[in-house]
Every structure is written in structure tokens, then in C-alpha cells.
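Examining the three-dimensional arrangement
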2 protein chains.
Amino acid sequence: MNKARELDQSVLAELKALLGDRVSTSAAVREHHGKDESYFPYALPDAVVYVTTTEEVRDVVNICRRHGVPMIPYGVGTSLEGHILAVHGGVSIDLSRMNKVLAVHEEDLDAVVQAGVTRKQLNEFIKHTGLFFPVDPGADATLGGMAATRASGTNAVRYGTMRDLVLGLSAVLADGSLIKTGGRARKSSAGYDLTRLLVGSEGTLGIITSLTLKLYGIPEAILSAVCPFTSIEGACNATIAALQVGLPLARIELADEVQIRACNAYSHLDLLAVPTLFLEFHGTAQSTREQVETFAGIARGEGGGEFRWAERPEDRSKLWQARHDAYWAARGLRPGAEVLSTDVCVPISALADCVTATRRDIDSLELLAPIVGHVGDGNFHVMPLIDPANPEERREIQGFLDRLIDRALGFGGTCTGEHGIGEGKISYLRTEHGPAVEVMIAIKKALDPLNILNPGKIFALA
Amino acid sequence: MNKARELDQSVLAELKALLGDRVSTSAAVREHHGKDESYFPYALPDAVVYVTTTEEVRDVVNICRRHGVPMIPYGVGTSLEGHILAVHGGVSIDLSRMNKVLAVHEEDLDAVVQAGVTRKQLNEFIKHTGLFFPVDPGADATLGGMAATRASGTNAVRYGTMRDLVLGLSAVLADGSLIKTGGRARKSSAGYDLTRLLVGSEGTLGIITSLTLKLYGIPEAILSAVCPFTSIEGACNATIAALQVGLPLARIELADEVQIRACNAYSHLDLLAVPTLFLEFHGTAQSTREQVETFAGIARGEGGGEFRWAERPEDRSKLWQARHDAYWAARGLRPGAEVLSTDVCVPISALADCVTATRRDIDSLELLAPIVGHVGDGNFHVMPLIDPANPEERREIQGFLDRLIDRALGFGGTCTGEHGIGEGKISYLRTEHGPAVEVMIAIKKALDPLNILNPGKIFALA
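Thresholds applied
- Residues numbered from 1 in each chain as written.
- Chains lettered and ligands numbered in written order.
- Predicted model: local features only at pLDDT ≥ 70, side-chain atom pairs only at ≥ 80, totals over all residues.
- Heavy atoms only, no water.
- Helix = DSSP H or I, 4+ residues; strand = E, 2+ residues; numbered from the N terminus.
- Rg over C-alpha atoms; globule rule 2.2 N^0.38 Å.
- Buried < 20%, exposed > 50% of the residue type's maximum accessible area, 1.4 Å probe, protein only.
- Contact = heavy atoms within 4.5 Å.
- Areas by Shrake-Rupley, 256 points an atom, 1.4 Å probe, with all protein chains shown as cover.
- Buried area = accessible area lost by both parts, 1.4 Å probe.
- Salt bridge = Lys/Arg side-chain N within 4 Å of Asp/Glu carboxyl O.
- Polar contact = N/O pair within 3.5 Å; in protein donor to acceptor, adjacent residues only side chain to side chain.
- Core = buried A, V, L, I, M, F, W, Y, C linked by side-chain atoms within 4.5 Å.
- Least-squares fit on C-alpha atoms with pLDDT ≥ 70 in both.
- Pairing = 2+ DSSP bridges.
- Axes fitted to C-alpha atoms, helices over the stretch in contact; angles between N-to-C directions.
- pLDDT = per-residue confidence, 0-100.
- Expected span 1.5 Å × (residues − 1).
- Phe/Tyr/Trp six-rings, centres within 6.5 Å; stacked < 30°, edge-to-face > 60°.
- Lys NZ or Arg CZ within 6 Å of the ring centre and 35° of its normal.
- Parallel < 35°, antiparallel > 145°, perpendicular 65-115°, else oblique.
- Left-handed = near helix turned anticlockwise from the far one by under 90°.
- Nonpolar A, V, L, I, M, F, W, Y, C, P; charged D, E, K, R; others polar.

1. Section: the overall build of chain A
Looking only at helices and strands, chain A has 17 helices and 20 strands in total. The C-alpha radius of gyration computed for chain A amounts to 22 Å, which stays within 12% of the reference 23 Å derived for 462 residues, consistent with globular compactness. The C-alpha extent of chain A, read off along each of the three principal axes, is 70 × 55 × 40 Å. Per-residue burial over chain A gives 64% buried out of 462 residues. In chain A, 71% of the contacts between residues at least 6 apart in sequence involve partners at least 24 apart. Accessible surface computed for chain A: about 15,900 Å², of which carbon and sulfur atoms make up 52%.

2. What to know about the interface of chain B and chain A
The partner chain A presents 76 residues to the 76 residues of chain B that form the contact. Here chain B meets chain A over a buried area of about 5,900 Å², counting both sides, of which 57% is carbon and sulfur. Its largest share of buried area at the contact with chain A, chain B owes to K187(B), S189(B) and Y192(B), together 16% of the area lost on that side. For the pair chain B and chain A, the interface holds four salt bridges. In this structure, E418(B) and K187(A) form a salt bridge, with 3.0 Å as the shortest nitrogen-oxygen distance. The tally of links between chain B and chain A comes to 30 residue pairs in polar contact (both at pLDDT 80 or more).

3. Remarks on the nonpolar core
Counting residues in each nonpolar core, the largest one holds 207 residues, and the members touching the most others are L122(A), F295(A), L122(B) and F295(B). Sequence-distant contacts of L122(B), that is, excluding residues within four places in its chain, are made with V101(B), A111(B), V113(B), V117(B), F133(B), L143(B), L213(B) and L215(B).

4. Structural notes on the relation of the copies chain B and chain A
Rotating chain B by 180° about the axis while translating it 0.0 Å along that axis superimposes it on chain A, leaving an RMSD of 0.0 Å. Expressed as a symmetry operation, the mapping of one chain copy onto the other fits a two-fold axis. When the interface residues of chain B are mapped onto chain A, 100% of them again lie at the interface, so the same face is used by both copies.

5. Remarks on the sheet that holds strand β1 (residues 23–24) of chain A
Residue and element names in this part refer to chain A. Judged by pairing direction, the sheet is mixed, and its four strands sit side by side in the order β1-β2-β4-β3 without closing on themselves. This sheet does not close on itself; its edge strands, each paired only once, are β1 and β3 (71–74). As judged from the two bridges shared by β1 and strand β2 (residues 47–50), these two strands associate in the antiparallel manner. Residue pairing in the sheet places V23 in a bridge with V49 of β2. Where helix α3 (residues 54–67) meets the sheet, its contacts fall on β2, β3 and β4 (91–94), and the angle it forms with β3 comes to roughly 155°.

6. Description of the pairing of strand β10 (residues 206–214) of chain A
Residues and elements named next belong to chain A. With nine of nine residues buried, β10 is to be regarded as a mostly interior element. One ladder, built from five bridges, connects strand β6 (residues 110–114) with β10; its direction is antiparallel. The residue of β10 that forms the bridge with V113 is L211. Sheet topology note: the strand β8 (residues 166–173)/β10 ladder contains seven bridges and is antiparallel. Bridge pairing links A171 to I208 in β10.

7. Re the confidence of the model for chain A
Residues of chain A with pLDDT of at least 70 account for 99%, and the chain-wide mean is 94. As a predicted assembly, this complex carries a pTM of 0.96 together with an ipTM value of 0.96.

8. Describing the side chain of R22(A)
All names here are of chain A. Position of R22 among the secondary structure elements: in the loop between α1 (9–19) and β1. The exposure class of R22 is buried, given its relative accessible area of 17%. At 2.8 Å, the side chain of R22 and the backbone oxygen of Y50 are in polar contact. Contact partners of R22, with chain neighbours within four places excluded, come to V48, V49, Y50, V51, T52, E56 and R97.

9. Quick look at helix α11 (residues 285–301) of chain B
Quick reminder: α-helices carry 3.6 residues per turn. Residues three or four places apart thus point the same way. With 17 residues, α11(B) should cover 24 Å at 1.5 Å per step; its first-to-last C-alpha distance of 25 Å lies within 8% of that length. Inspection of α11(B) places S287(B), T288(B), E290(B), Q291(B), V292(B), F295(B), A296(B), I298(B) and A299(B) among the buried residues, and these make up the whole buried set. Those residues of α11(B) that are buried are in contact with α11 (285–301) of chain A together with β12 (221–228), α9 (232–244), β13 (249–255), β14 (276–283) and β15 (308–310) of chain B. Of the residues flanking the end of α11(B), it is G303(B), one or two places downstream, whose phi is positive at about 80°.

10. Side note on the environment of A326(A)
Residue and element names in this part refer to chain A. The topology assignment puts A326 in helix α13 (residues 326–332). A326 gets classed as buried once you look at its relative accessible area, which sits at 3%. Through-space distance from the C-alpha of A326 to that of I371 is 9.3 Å; in sequence the pair is 45 residues apart.

11. What to know about the packing of aromatic side chains
Remark: the centre distance and the inter-plane angle together describe each pair of aromatic rings, the angle taken between the planes. This model, assessed by the stated rule, comprises 18 aromatic pairs over all chains. Through pairs of rings, three or more aromatic residues link up here, namely F281(A), F295(A), F307(A) and W309(A). Its end group placed over the ring of Y50(A), R97(A) keeps NZ or CZ at 4.1 Å from the ring centre. The lysine or arginine in question, R251(B), covers the ring of W320(B), its NZ or CZ lying 4.5 Å from the ring centre.

12. Digging into the packing of helix α15 (residues 391–410) of chain A against helix α16 (residues 426–433) of chain A
Residue and element names in this part refer to chain A. In the contact formed by α15 and α16, the axes pass within 11 Å of each other and the chain directions differ by 25°. In this view, α15 runs roughly parallel relative to α16, as classed from their interaxial angle. In this structure, α15 crosses over α16, and the sense of that crossing is right-handed. Together, Q398, L401, D402, I405 and L409 of α15 and Y428, T431 and E432 of α16 make up the contact between the two elements. Broken down by class, the residue content of the contact of α15 with α16 amounts to four nonpolar, two polar and two charged.

Set out below in C-alpha cells:
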């Protein structure tokens, strides 16, 4: 844990003049804002400010810029690659109090929210409309944070990721300007796609203050199921076949045998400890039945066993809660261990080979590491359980990560499907994108010449 | 038509040393590259080069940059806002000979193509795989051009636009660097989304040389239909209701009564001259029937008349050919006139009001102007037929365009849904996006400090 530095007193004085007691330098608050859900060590900000309006964000940015102080946008701290760590100190800008749903346009299937609204809060707010916001990364993250990290999750295969579902946004840039990008029209060809540039920029180009989001109608019928497979290949091949015939799967998630054992223990289930697909079908009563029949036929041909169905909402919730608790279930496999949750994404044809080779690699290390995957997208997570105090394990894991990324890139994939670069994957970004990283840096320097917006993330700039 | 300028002879000599007789300064070739399908006057390049490899593109860029010569990427010239006009002279880089499909990955539902491949060529090439590429702007444009202008078209409501379907690309930037963005994985959170930045950048940030595109399975069943309505409101309301219940419409196109009269005359049809929806349903035999029943119920409640069905491929082709020929049919309404094809896009709840007000505006001018729309996206086209020699009509039309954009922006929409900014909508971009345009310009200046990539498009830089 890094030592408390002193912010220039004049910065603190200006921030306090602006925000009063919504500026904190207490150790507890700084600690809370100095650690995310990744395995990275604490890196505390020098101060935390709680903003409530876009204008306050702008004013904070102007104060910090004048003094050359780094700023780190903070939602609820659920990111997984060290995104919110104050590795160069500075001010953590906590947006969680900007949590108003500003508008819901039922006819247009969109909502306008402040950046601090969480996905569960939004879905609760709009429940009566029969609409929902589908992106579901597991954690109840803020929508601003989800946009900043280009989050996705279990139903991206059907509904897309934050890249697809953010129609527009407002952001404060490093120079204090407030911009609005995109809009409420479903399509636009009006100039550069700044919305997509800010989505996934991890707080390094601007601080997102509000978002316009696409919504979907809650389907008339929802069917959930689990289906055991004799092999990872079978589960992956069934997924590919289903996508090729155009089956509109809402969710298709793989858990390997290690993960299933963890889920059985943690969530009191009695699933067969074999590679298993968790599935969800959305549609009308008739069309979901048709989808299920099609998928069942495909699964049988690929070594799929008996389906276990959940049509009642409470049964569905239990099933998906188990999937969502995969991370906590994994932790339970080795009490006291840290979970190093990482992700890669490959073309789906390579998924079975990539997962199988990764399983072999882990097993050769004699480390525990469940694998779960959003297999409809070719995206999977490995969660090695390591003893943070054991430098040998750390070294082993670093080698494992290097090989995992090499393997994914070798298959034409990416070093991260949905977690982002943060501080954890800076070198892998370079390996993956080569000269394109220079272009990213040129954009960063054009928009944030002082490198004060979340410095040390995505790139290690001088 | 602007007078032939002389390119510095040393530039020409260098280009000829590189490309031999694939450099042309002939009047005919320059004229062919100095006009698109917009109403803008000719603006000829000083020379046209035909490139066949990415390396040649890079070498041409390096030659032009050293001499400060503007470059305009050219596909087949079907853009609609003056995108390919050489308003500052320079070299038109014709990519139409880079027309190889480099790879088709059936299992991954993607294809890698050179930028000069056209959408029809790709679909012909992959027909045997049972897959198709859905973006269909009407014209048989090159895929590089479609990406550069963020094209969409009739089935974007179901399958998305070029923004959604380009997984990655290669491009040569102004400094001669060759970058690869995105990749073949379905998702990635690895750094800034340069793919989406280049898609829609209209040749001002880089020259796209190849693309990785998402493909879809050709649906088992396709049903097409036309349905007449008693009012534009009825047609729009039926569309909104269908989207709200989550009907996966593949195409839903509005043609107003003026357009229907034009189509009847041009395509020898006998449709009722009333606002009409052209529809297409994709799915299984069973699910398309279910979709049709649902839509028919909705349409009846909104003043919809009798459906006319087309299930046989040749009947479907005839129907959609009539829709695609809307532009030519419009021209036929006033022989000798020019079509000023423009587009705006609004939230769908505002579509009926926006179209109706636009219809009234046109009628008050006593000008002919059919309206067609991709109503599932809230995107519609107005095609005033004007006498190019009549300055009074030009003035009237300018006022009409200003009001159209104001109206669309007033409804929360955008000044262009799919045609782009080009040289025609530079001032409207400013009205729509305000300070965000400065951010776009900062990016442009960072990546193209000499302003040599398609200058005079999107912005009017000094």
C-alpha cells in the first residue's frame, strides 16, 4: 500500500471550495478507491471527490489540469485489470452519486442515464415498461464504468456489448470541454464515431458523465437449461453449429469440470462434474420451443447429455446465480488464495483447441484454475487461484499468462475480450496491435497532452 | 468542371516509376473519378492511380506526402455527399482492382476481403457456403467505400450497419504507416476502437485496404410482402409496435405515395398509390409464419390494408428490385432533372411527425420529392427533383434542406443516418455536434497534420 502523499494544499483548497465535505483524504476512503477486483496491489489516490453533476466534473477537471494532477474516474470499483488504481496518485473522481435515470423513452427503446447508475438499478427502474438493458458482466457495475471498459458478459452473443448498446454519451475531456457524442437516432453517419472511441478508453480520454443506452423488450418467453457434455470440444462444436444455423441464443456459457465442482460446492448444486453449457433462449413460447428442439438435436450429435430445464423465474435465477457466482465459487476452492481473473477471446472455431490447450497448461503447473466462457463469442476466462505471498506461484502464473495470450493471438484472437487493458495488459496490447498502438497514443496525446486522465492505463507513457 | 491542373512533374514521374501505366492523367479517367452520385459539380483529380496491393497504397501515400499532394480514396464512386470529389485536386487512388476475397472462415462466420471487393461480388463468392453479408445500401458499392462512409441500407434494422459488421481492417495512414485494427475475435477490449474510428471517417484518417467482415447464415425461410397504409402515421406506428414486441424484422421500408407512383411507372407495378411498407421476414418456416401473423395483427390496428406476398425468390427479387430502383424511379418523374438524394435519421417515435412535416414542406414548394425510409431505424431519404440550371430551385432546395436538418435535430435525430458528411453536410455536422467537432478535428490533425487525406470532407480545415 503506497504511502499517503500530500496533494498540493492549494489543490485541496480549491476542491473543497467547490465540493465542501465531498472531498475526502481519509485513509479508509482512499483505500476503498485504491483497489479493484483485480490481483493488483493497492494504489491509493491522494484524495477522493464525490461529484453530483457534469458541471462539477468539469470544474474538478479544470482544477486538476491547472495543477497537473492525475484524475481517475471511479464507479463502484469492479474492474479487473487495475483500471481504477491511482498508480501515479492524484484524485479519484467518484461518480457513484451521479445515479439518476434521466429519461426513459419507451417507444424508442432507449434510456438516458447518469454515469453512476448501475445496471441493476436501471433494470429495476424500467421493469414496469417491459423493457430491459441486457449487458450483464456479472458485477453490478456502473453503466459509466461498463462503457469505459467496453464491458459485455453473458448475453452479448444475442444483444451485443457496450460497444453496441451505447447510442451516445456526454463526457468531460482533459481540457475541461464538455462534449456530447452520438445521439438518440439508431444510426448516424455524422462524422467520427467518438462514442465508440470513448467506449473502451478506460478513462484515459475523457470522463463519461451520462449515456444514452439501447433497451430491448423483455421476451415473452425465457427458457434456461444446463447441458453436460463429454468433452470441451463437444460443447464448443455444438455452439458453433448453433450459431451457423442462426439460432438466436440469448446466452450460451461454458463451465469446465473444475468450475462445475466449484459451483456445486458454493451454490449447493448437484451438476455432473463435466464440461457443461448453461443456456438461455428468448422469444415467443413457440419460437423458444423451436430453438430448444434445434439445439437439443445439435447437442446430441456432439456428446451432449440430458438437459436440465428451468422455466420458472426462481429456478432460472438459481441457475444463473450459480453462473454469476463462478468467481466466488472459484475462490472457495482454495481459501485464502487470490483469484487472478483473466480473459482472452478467439475466433469460435479455435475455441475448443484454445481452451483445451489452456487446461493442459494449467494442469501441468498443478495450479487450480477454473475456466468459464462466453462461448458464443469465443471469449473465456481463466481464474488461477494463487497464494499472493508465494513469489514462485506469481512467477509461474506470469509465464502462464504470457503463454495464454500468445496462444490466443496465435489463433487470431485478442488479449482481452471484455476485461480491458488497464495496467495488467499493457505489454500484450503492444504485441497484439503493433503500430496501431502508436495511433492510439497519438490520439491520447492530442486529447490529453498532459497525461492527466487515468495515466498508466492502456499505455505506459513517459 | 474545373480546369486540368498540372501535378508537379516529379510527382507524376515518381508515381509512374512505381505503377507504370496504372497512372492516368487522361481527361476521361479524371472525369470518371471526379463525380459521384451526388448533385455536386465535377471536381477532377489531377491524376488517377490504380493500386493493386497495400504496399502500393503505402508507396503512393509516401510519394504524395513528400510533395504535399492531396489523396482521395476511390472505390466505384457511388457515394452521395461528394465524398470522392477532388475539391483540392490531387491524386485519386482507385482501389477497385484490389478486389480479392482473401479468406472465408465458414465456422467463424467471417470473411477477409480487399477494399475493392463489392458487396455483390462477395455475396456471389460465398453463396455456396450458405452464408451472406447483409449490408445492402442499394448500389453495388465496394466494401472499403461502404466502411469509409459507414453505409447501411435496407436490412440494418436486423443485421446492423458497417459500424457493426466490420470486425477489423487494415489501413494506410497519412504518415505511410500500415495498421491493423480489430481482428477476427467477435469481441475485444484491447485499447481504443480504431476500427470504429476509421469506419465512417470518409477517407480523411486513412485509406482502408482490407476488411474482416461478419457474415450471417442465409435464413431457412424468407418471406417478403408489401402492405399499404391509409397514412404515414399508421405505417410508422406499426413499425414501432413491431419493434417493441421484439419482432426480428429483417427489412421494413416505407415508401410514400409519390415514391409508389414513381415505382409503379418505372418498375411496371400496380401498387396502390398510398404510403406502403415493404417487409421481409427471415427465420425458419415456422418462425417467419409466426412473425408474419404478429405483424399482420399490428398492421390491421394501424390502418394497414391487404398484404401482397412474395415467397418465391423471383417474386421477392422483383419487389426488392423496385425498392432498390427507387432512385431511378424518382428520376423518371421529371426527366432531365437531378436527384438531390439526402437523408436524416430520428428516434422512431418521431418518425411519423418528421416525415409528415417534411412532406408538407415539399408540397408547399411545389417540388416533386419522393420519400423512402428505412423506418425500422428511423432513417428516411428525401429525393427532390431539381432543374440544375434553375438557380431559384437551387435556392429553394437549400432552404428546404436547412429546415429538414433543423427538424431532424429538433426531434433528437442526426443530419445523416447513412450518407455521411462529405462536402455536403459540413455545416450541419457543426450544428449537430458542436464542441465534439473540435475533438474530431484534433484527431484529424494528430493523424494527418498536412491535411492530405481527402481534404475538404467532413470539415473545412484551413
